[in-house]
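Structure at a glance
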Amino acid sequence: EYGAAGAQALQVFESNAGYLTRELAREFMLPYLCQIASGVRARCAERGLEQVPLFCFPKDAEYTIGELEASEFDVVSIEWTCEANELASAYKVKNGALSFQGNLDPCSLHASDDDLRTETARMLSSFPAHCGHIANLGHGIYPDTNPAKVTVFVEAVHAFRRDAVLRIGTRSSALAMVQARHVW
C-alpha cells in the first residue's frame, strides 16, 4: 500500500535477526524476507506501479548478507558493529548490484567535530570503491544528540572524495532511501 501511495522506497526491518543462529535465520527469517521482497515486486508490477528500491535491515545479522544478495532487495542497511570489509563477499555474486546503507556509530555524533570528520572518513573509506553505499548512521540518532553534529556528519560525507558515486541521507528520510537507485 505504501508503494501505491507514492513511497519512493520501502524498507523491511528485521529487528530480531541478531537473536537467531545462522541455521534458524536460514529457516525462519530469510525465506520470509525474500518472500516479502518478491511479493512487493509482484504487487507493484500487477498494479502497474513503478518499482522502488527495496531495503532490508537485518539488525545484528550481517552474516545473512550473503543470502540476501540473491534476493530482490536492492539495499541492505547495516549497523555500526558490522565491518565493511566483512561485506566484501556480497559484492562478488551480484557484481556490485547490492548496495549498503550505514554504518557510522551513532555515538560518533557525540565526538568533537574533528573526531567526527575523521570517523566519517574512516567509515566511508572502509567500503570498497565499486560498491553502492548510502552514508548513514548504523542505527538511529540518540535523543540527546546535538543536531549541529548531524550537519558536521553530512558536510564530512560531502567533503569525502573517491571515484565511486556517493550519496547522503538519514535512514528516516525518503531522500536517502530513493538515492539507492543512484549509487553503484
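Above: the structure in question.
Structure report, in brief. (Residues numbered from 1 in each chain as written. Predicted model: local features only at pLDDT ≥ 70, side-chain atom pairs only at ≥ 80, totals over all residues. Heavy atoms only, no water.)

Quick word on the overall build of the chain
When helices and strands are counted, the chain shows seven helices and six strands. When the helices and strands of the chain are listed from N to C terminus, the series reads β-α-α-β-α-β-α-β-α-β-α-β-α. Put simply, the chain has 184 residues, and 43% of those count as buried. A fraction of 66% describes how many contacts in the chain between residues 6 or more apart in sequence connect residues 24 or more apart. Total accessible area on the chain is roughly 9,300 Å²; 54% of this is exposed by carbon and sulfur atoms. (Helix = DSSP H or I, 4+ residues; strand = E, 2+ residues; numbered from the N terminus. Buried < 20%, exposed > 50% of the residue type's maximum accessible area, 1.4 Å probe, protein only. Contact = heavy atoms within 4.5 Å. Areas by Shrake-Rupley, 256 points an atom, 1.4 Å probe, with all protein chains shown as cover.)

Brief notes about the packing of helix 5 (residues 113-125) against helix 6 (residues 147-159)
The description of two packed helices rests on the angle between their axes and on the distance between the axes. Where helix 5 contacts helix 6, the axes come no closer than 9 Å and their chain directions differ by 45°. With respect to helix 6, the element helix 5 is oriented oblique. Crossing geometry of helix 5 relative to helix 6 is assigned as right-handed. Contacts between helix 5 and helix 6 pair Asp113, Leu116, Arg117, Thr120, Met123 and Leu124 from the former with Lys149, Val152, Phe153, Ala156 and Val157 from the latter. Of the residues contributing to the contact of helix 5 with helix 6, the split by class is seven nonpolar, one polar and three charged. (Axes fitted to C-alpha atoms, helices over the stretch in contact; angles between N-to-C directions. Parallel < 35°, antiparallel > 145°, perpendicular 65-115°, else oblique. Left-handed = near helix turned anticlockwise from the far one by under 90°. Nonpolar A, V, L, I, M, F, W, Y, C, P; charged D, E, K, R; others polar.)

Points about the layout of surface pockets
Roughly 300 Å³ of internal volume is contained in the largest pocket. Around the largest pocket sit 17 residues that line it, and Glu1, Tyr2, Gly3, Leu10 and Val40 are the ones nearest its centre. Broken down by secondary-structure element, the contributors of at least two residues to the lining of the largest pocket are strand 1 (10-14), helix 2 (30-47) and strand 2 (54-58). The biggest single contributor to the lining of the largest pocket is helix 2, with six residues. (1 Å grid on protein atoms, 1.4 Å probe; cavity = no way out; pocket = protein on both sides within 12 Å on 5 of 7 lines; lining within 4 Å. Points joined across faces, edges and corners; volume = space filled by probe spheres on them.)

Notes on the nonpolar core
Within the largest apolar cluster, 34 residues are counted, with the highest numbers of intra-cluster contacts made by Leu68, Phe73, Val76, Ile78, Phe100, Phe127 and Phe153. Those elements that provide at least two residues to this core are helix 2, strand 2, helix 3 (65-68), strand 4 (99-104), helix 5, strand 5 (133-137) and helix 6. Apart from the residues lying within four places of it in its own chain, the contact partners of Leu68 are Leu30, Leu33, Cys56, Pro58, Phe73 and Val76. (Core = buried A, V, L, I, M, F, W, Y, C linked by side-chain atoms within 4.5 Å.)

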